[in-house]
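So you can see what is in the structure, the chains are spelled out below.
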Amino acid sequence: MSLTTKNVRSKTQHSVKSVYVDTPRLRQHALVCGEGKSEVVLFVHGNLSSCEYYRELMLSLADTHHCIAVDLRGYGDTEPVPLDATRGVSDWSEDLAELLQAMKIDRVHVMGWSAGAAAVMQLAIDQPELATTITLVAPISPFGFGGTKDNLGTLTKDDCAGSGGGLISPELIRLIEAGDLTTEFPESPLNLLRTLYVKEPFRFSREKELLEATLKQKLGVQFYPGDHVESPNWPFVTPGKWGAINAVSPKYFDLSSFADLAIKPPVLWVRGASDLIVSDHSLCDVAVLGQLGVVPDWSENLDFPPQPMVSQTRHVLELYKSLGGAYHEVVFQDVGHSPFLEAEERFLGEFLAFLNTV
């Protein structure tokens, strides 16, 4: 293992360090805090974000836990190696396993936020002995994002139209590429942080730093948004083969086998009641946008209903429970997609109580 370390400003007596870890397939960047503690927590961020979003939570836990927050492949300061979407999120899972191996960690509490929950669940499927506990925060559905229509994850269209990188706005890509820090354009990254990541009027205390971390998103047909293929089915695009948005299409992505884990760590599921990204009526779901007239040519005759994302997660976790596992669902009222930041003290209380049950 090769480590390069840079001290980063801390708000408490603890310090957060920026660490680069050479693993077999790529050089990974992470933040670490509370080193030397026996209990290790691995934090995995979601889409259009980075490990920087976990800084405050890590500092709050550093008295009792060794905290590691990693930049996933395609994000932040991790080496920009493409993600093979045809493997679902297995590239992410394998990267995480290799990171822990390089850091000589064989047991860990894992927390995944949004798309990061997909990586965490895949890691549990691939390496069931690693996870002591699993925390899912505003998790993507185990059946992916877009293109399914019921609790069982039934495809809306056989070619998975309505999912994948072809649905990402070119204007958003242009603004990320330009490093836009303003609210001048409706689809600017800052407007997304303020209107989709949280329930308004909440503002992140370190908004500029988090926005700058988001703008480190790697762009292109092999990264974000990835490639796409035309479809005869509304909305006329299907997934390509590269990048995170294609990787979480139901064409390649199905984590329903999570319910069958031979080793079943306890699961904490935390979500905000006002989440606009992951819900049964998500404003990022093309079916909802079609109903609202934002995406043209939608009609009732298409048989293209909104994806019941939360209900799908509950379905898989109920199966997990029926097969001997345990999960606890916590819903924060008046909170959006980022419970651990919007309601930091409430989240910390729930999270620590959960960790202390093991």
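What this report covers is the structure whose coordinates are included nearby. (Residues numbered from 1 in each chain as written. Predicted model: local features only at pLDDT ≥ 70, side-chain atom pairs only at ≥ 80, totals over all residues. Heavy atoms only, no water.)

### Regarding the pattern of salt bridges
Move 1: All chains considered together, the criterion is met by 21 salt bridges.
Move 2: Linking arginine 174 and glutamate 171 is a salt bridge whose minimum nitrogen-to-oxygen distance equals 3.0 Å. A residue pair is termed a helical-turn pair when its members lie 3 or 4 positions apart in one helix, as arginine 174 and glutamate 171 do in helix H4 (residues 170–177) at three residues.
Move 3: For glutamate 171, a relative accessible area of 26% gives the class partly exposed.
Move 4: Its salt-bridge partner being aspartate 334, residue lysine 199 comes within 3.0 Å of it at the nearest N-O pair. Linking lysine 199 in the loop between helix H5 (189–195) and helix H6 (207–214) with aspartate 334 in the loop between strand S13 (327–332) and helix H10 (339–342), this pair joins segments that are 135 residues apart in sequence.
Move 5: Residue lysine 199 is classed as partly exposed on the basis of its relative accessible area of 30%.
Move 6: What makes aspartate 334 exposed here is its relative accessible area of 58%.
Move 7: Among the ionic contacts, a cluster of salt bridges with common partners joins Arg25, Arg73, Arg87, Asp91, Glu94, Asp95 and Glu98. (Salt bridge = Lys/Arg side-chain N within 4 Å of Asp/Glu carboxyl O. Helix = DSSP H or I, 4+ residues; strand = E, 2+ residues; numbered from the N terminus. Buried < 20%, exposed > 50% of the residue type's maximum accessible area, 1.4 Å probe, protein only.)

### Quick word on the environment of leucine 100
Move 1: Inspection of the secondary structure assignment puts leucine 100 in helix H2 (residues 90–102).
Move 2: Residues leucine 100 and isoleucine 68, 32 residues apart in the sequence, show an inter-C-alpha distance of 9.7 Å.

### Things to note about the layout of surface pockets
Move 1: Put simply, the largest pocket is a space of about 930 Å³.
Move 2: Phe145, Ile168, Leu196, Tyr224 and Cys284 are the residues nearest the centre of the largest pocket, which is lined by 37 residues in total.
Move 3: Residue composition of the lining of the largest pocket, grouped by class: 24 nonpolar, 11 polar and two charged. (1 Å grid on protein atoms, 1.4 Å probe; cavity = no way out; pocket = protein on both sides within 12 Å on 5 of 7 lines; lining within 4 Å. Points joined across faces, edges and corners; volume = space filled by probe spheres on them. Nonpolar A, V, L, I, M, F, W, Y, C, P; charged D, E, K, R; others polar.)

Fair warning: the whole summary comes from geometry, so function is off the table for now.
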